[in-house]
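Spelled out, the chains give:
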Amino acid sequence: MGTETVQKASDLERGMKMLEYLERGGPWPSYVTELKRTKYPIEAYAEGLARKYTPWLSGSFRVRYVFSGILARRSRDGKFVEIHFRTYAPAGRFYSTSYLRKVVEVAKRYGIGLMEFGGNTGGACS
C-alpha cells in the first residue's frame, strides 16, 4: 500500500466554497452578494464560517451611555479591520430622508458601507 498524502484545504478555501454555495441562489437574493458589494472583508467572514467561530476579537469600542456612533473591530489574526456605524431611532422613531442620506454617505466614505439600525426595544437590524 502506498502512502497517500491528503492535502487539507485551508480555512479560507473551505470558507470561500461555503460562500459560493450560499450565493448560488434560491427564491431570495443572497446576503453574500450584498456583502461583496461593500468593503466588508469577505475573506475574514469565509474563514470564520469554515472555523465555525467568529473571526473577530470579542468586544468593540463603546462609550458608556452612548448608543450611536462608530464601532471598530479587528480580526483575531490582525489582518482585517472592520468599521461600521450604529444609529438608534430618533425621537418619534422616524428618520428623515436627509438624515438617512447623510448617514449612508458617511458609512460609504469612512466605513465599509454597512450600517446598524437599532430599535427602541434593544433589537437591531442591518
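In this report, the structure presented in the accompanying data block is examined. Please read these numbers as outputs of a predicted model, since none were measured by experiment.

What counts as what
Residues numbered from 1 in each chain as written. Predicted model: local features only at pLDDT ≥ 70, side-chain atom pairs only at ≥ 80, totals over all residues. Heavy atoms only, no water. Core = buried A, V, L, I, M, F, W, Y, C linked by side-chain atoms within 4.5 Å. Buried < 20%, exposed > 50% of the residue type's maximum accessible area, 1.4 Å probe, protein only. Helix = DSSP H or I, 4+ residues; strand = E, 2+ residues; numbered from the N terminus. Contact = heavy atoms within 4.5 Å. Salt bridge = Lys/Arg side-chain N within 4 Å of Asp/Glu carboxyl O. Phe/Tyr/Trp six-rings, centres within 6.5 Å; stacked < 30°, edge-to-face > 60°.

So, about the nonpolar core. Judged by nonpolar contacts, L19, V32, L35, Y40, I42, A44, A46, W56, F80 and I112 together constitute the single largest core of ten residues. Listing elements by their share of this core, those giving two or more residues are α2 (31-37) and α3 (42-51). Ranked by residues supplied to this core, first place goes to α3 with three residues. The residues contacting I112, other than those within four sequence positions of it, are T38, K39, Y40, E82, I83 and A107. Core analysis: the second largest hydrophobic core is formed by five residues, F85, A107, M115 and F117 among them.

All chains considered together, the criterion is met by nine salt bridges. The salt bridge involving R51 is made with D11; its shortest N-O contact spans 2.7 Å. Of the two residues, R51 sits in helix α3 while D11 sits in helix α1 (residues 11-23), which places them 40 residues apart along the sequence. Note on R51: relative accessible area 34%, which makes it partly exposed. We note a salt bridge from E105 to R109, for which the minimum N-O separation is 3.2 Å. Note that E105 and R109 are positioned in helix α4 (residues 97-110) at a spacing of four residues, about one turn of the helix. Exposure remark for E105: the relative accessible area of 40% places this residue in the partly exposed category. With relative accessibility at 53%, the residue R109 sits in the exposed group. One network of salt bridges, with partners in common, ties together D11, R14, E47, R51, D77 and K79.

Scanning the entire structure with this criterion turns up three aromatic pairs. On the numbers, 6.2 Å between centres and 85 degrees between planes, the contact of Y31 with Y45 is edge-to-face. Separated by 14 residues along the polypeptide, Y31 in helix α2 and Y45 in helix α3 bring together distant segments of the chain. Note on Y40 and Y45: the rings are 6.2 Å apart at their centroids and 80 degrees apart in plane angle, and the pair reads as edge-to-face. Relative accessible area serves as the criterion here: at 12%, Y40 is assigned to the buried category.

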